[in-house]
Amino acid sequence: MRHEVLLKEGTSALRYYPNAFAALKTSSIMDSISWKQNDITIFGKTLPEPRLTAWFGPAYGYSSIQWPQAAFPPNLFALKENVEDIAQSKFNGCLVNLYRNGNDSMGWHRDNEKEIDQTCIASLTLGEARDFKVRHRTTKEVLTIKLEHGSLLIMENLQEDYEHSLPKRKGVLLPRINMTFRQLY
Ligand SMILES: O=C(O)CCC(=O)C(=O)O
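Quick caveat, the model's predicted, so the values are computed rather than measured. (Residues numbered from 1 in each chain as written. Predicted model: local features only at pLDDT ≥ 70, side-chain atom pairs only at ≥ 80, totals over all residues.)

Undergrad: Mind showing me how you'd approach the sheet that holds strand 9 (residues 106-109) here?
TA: Pairing between sheet strands relies on hydrogen bonds along the backbone, with the strands arranged either parallel or antiparallel. If you trace the 4 strands from one edge of the open sheet to the other, you get 9-14-11-12, paired in antiparallel fashion. The outermost strands of the open sheet, each flanked by one partner alone, are strand 9 and strand 12 (142-147). With direction set aside, neighbouring strand axes in the sheet form an average angle of 15°. Across 4 bridges, the pairing between strand 11 (residues 130-136) and strand 14 (residues 162-166) is antiparallel. Bridge pairing in strand 14 links His 136 to Tyr 162. (Pairing = 2+ DSSP bridges. Helix = DSSP H or I, 4+ residues; strand = E, 2+ residues; numbered from the N terminus. Axes fitted to C-alpha atoms, helices over the stretch in contact; angles between N-to-C directions.)

Printed below as a string of structure tokens:
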């Protein structure tokens, strides 16, 4: 499928597939999920996470959050298979994020839990476009990518040398859903 290579450095790569899922309605995912707002503890402070989430796949934990094992609903399982075809990689987990508006965000972090296969993580966006930032951990060079409705971003071997974030955006009034498909060992 037509795509853009946004970064290629050694084995690290970022591939962007605009419109791969443009026909998918945001509401079809939004309404089928039981959203949860977790508390998150950072530097000893506990606050509600500024986004809503759900997890499907084997038991999984990151930061202070622990998700129990949960089966994929049929619509997400079908979507996972389509994502696997494009990414040419298998996934057994999906973190689904709802950014209700531009006040919701995700700080700098890496998806580097030891149980995640970091060779390939696929990130699907539905709804409002948001800026996604990728920063090299040593050079601090930042790449900003506008993730648009229906796009798929493939992150290959990115987590060792790069971190990423989804900053707040005052002007964004509408929701964005993000699904990151991951393979847990
Ligand atoms: O919403 C996004 O695009 C990024 C989500 C993310 O980085 C994560 O959940 O680990």
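Once the structure has been displayed, the description carries forward.
Undergrad: Sorry if this is basic, but what is going on with the nonpolar core here?
TA: Counting 38 residues, the largest nonpolar core has Val 83, Cys 94, Ala 122, Leu 152 and Leu 153 as its most contacted members. Examining the composition of this core, we find that 5 residues originate from one element, strand 8 (residues 93-99), more than from any other. Once residues lying within four places of it in the same chain are set aside, the contact partners of Leu 153 are Leu 14, Tyr 16, Ser 123, Ile 145 and Leu 147. (Core = buried A, V, L, I, M, F, W, Y, C linked by C-beta atoms within 7 Å. Buried ≥ 20, exposed ≤ 12 C-beta atoms within 10 Å, placed from the backbone. Contact = placed C-beta atoms within 7 Å.)

Undergrad: It is not clear to me how the pairing of strand 3 (residues 39-42) should be interpreted in this structure. Could you clarify?
TA: Consecutive side chains of a regular strand alternate in pointing toward one face of the sheet and then the other. The pairing of strand 3 with strand 4 (residues 45-48) spans 4 bridges and is antiparallel. Residue pairing across strands places Thr 41 opposite Thr 46, the latter belonging to strand 4. If you look at the hairpin formed by strand 3 and strand 4, you'll find 2 residues sitting between the two strands, and Phe 43 has a positive phi there, around 50°.

Undergrad: Hey, could you run me through the sheet that holds strand 2 (residues 12-17) in this one?
TA: Spatially, 1-2-13-10-15-8-5 is the arrangement adopted by the 7 strands of the open sheet, whose pairing is antiparallel. Two strands lie at the open edges of the sheet, namely strand 1 (4-9) and strand 5 (52-56), each paired on one side alone. When strand polarity is set aside, the average angle formed by the axes of neighbouring strands in this sheet is 15°. Relative to strand 13 (residues 152-156), strand 10 (residues 121-127) is paired through 4 bridges, and the arrangement is antiparallel. Note that in strand 13 the partner of Ser 123 across the bridge is Leu 153.

Undergrad: I'm lost on the site of the ligand in this one. Help?
TA: If you check the shell around the ligand, you find Leu 95, Asn 97, Met 106, Asp 111, Ser 123, Phe 132, Leu 147, His 164, Leu 166, Asn 178 and Thr 180 and nothing else. Those elements that provide at least two residues to the shell around the ligand are strand 8, strand 14 and strand 15 (176-182). Grouping the constituent residues of the shell around the ligand by class yields 5 nonpolar, 5 polar and 1 charged. (Near = placed C-beta within 6 Å. Nonpolar A, V, L, I, M, F, W, Y, C, P; charged D, E, K, R; others polar.)

Undergrad: I tried to follow helix 2 (residues 74-87) on my own but got confused; where do I start?
TA: In an α-helix, one turn spans 3.6 residues, which is why side chains three or four residues apart end up on the same side. Here helix 2 spans 20 Å end to end across 14 residues, near enough to the 20 Å set by a 1.5 Å rise per residue. For helix 2, the complete set of buried residues consists of Leu 76, Leu 79, Lys 80 and Val 83. Seen along its axis, helix 2 keeps its buried residues to an arc of 110°; they face one direction. The exposed residues of helix 2 that point more than 90 degrees off its buried face are Pro 74, Phe 77, Ala 78, Glu 81 and Asp 85. Buried residues in helix 2 make contact with strand 5, strand 8, strand 10, strand 13 and strand 15. (Expected span 1.5 Å × (residues − 1). Arc of directions from axis to C-beta.)

Undergrad: Sorry if this is basic, but what is going on with the pairing of strand 8 here?
TA: Of all 7 residues in strand 8, 7 are buried, a share of seventy percent or more. What you see with strand 8 is no split at all: Gly 93, Leu 95, Asn 97 and Tyr 99 on one side and Cys 94, Val 96 and Leu 98 on the other are buried throughout. Bridge count between strand 5 and strand 8: 5 bridges; the pairing is antiparallel. Bridging from a neighbouring strand, Phe 56 pairs with Cys 94 of strand 8. Bridge count for strand 8 against strand 15 is 7 bridges, and the pairing is antiparallel. In the strand pairing of strand 15, Asn 97 is matched with Asn 178.

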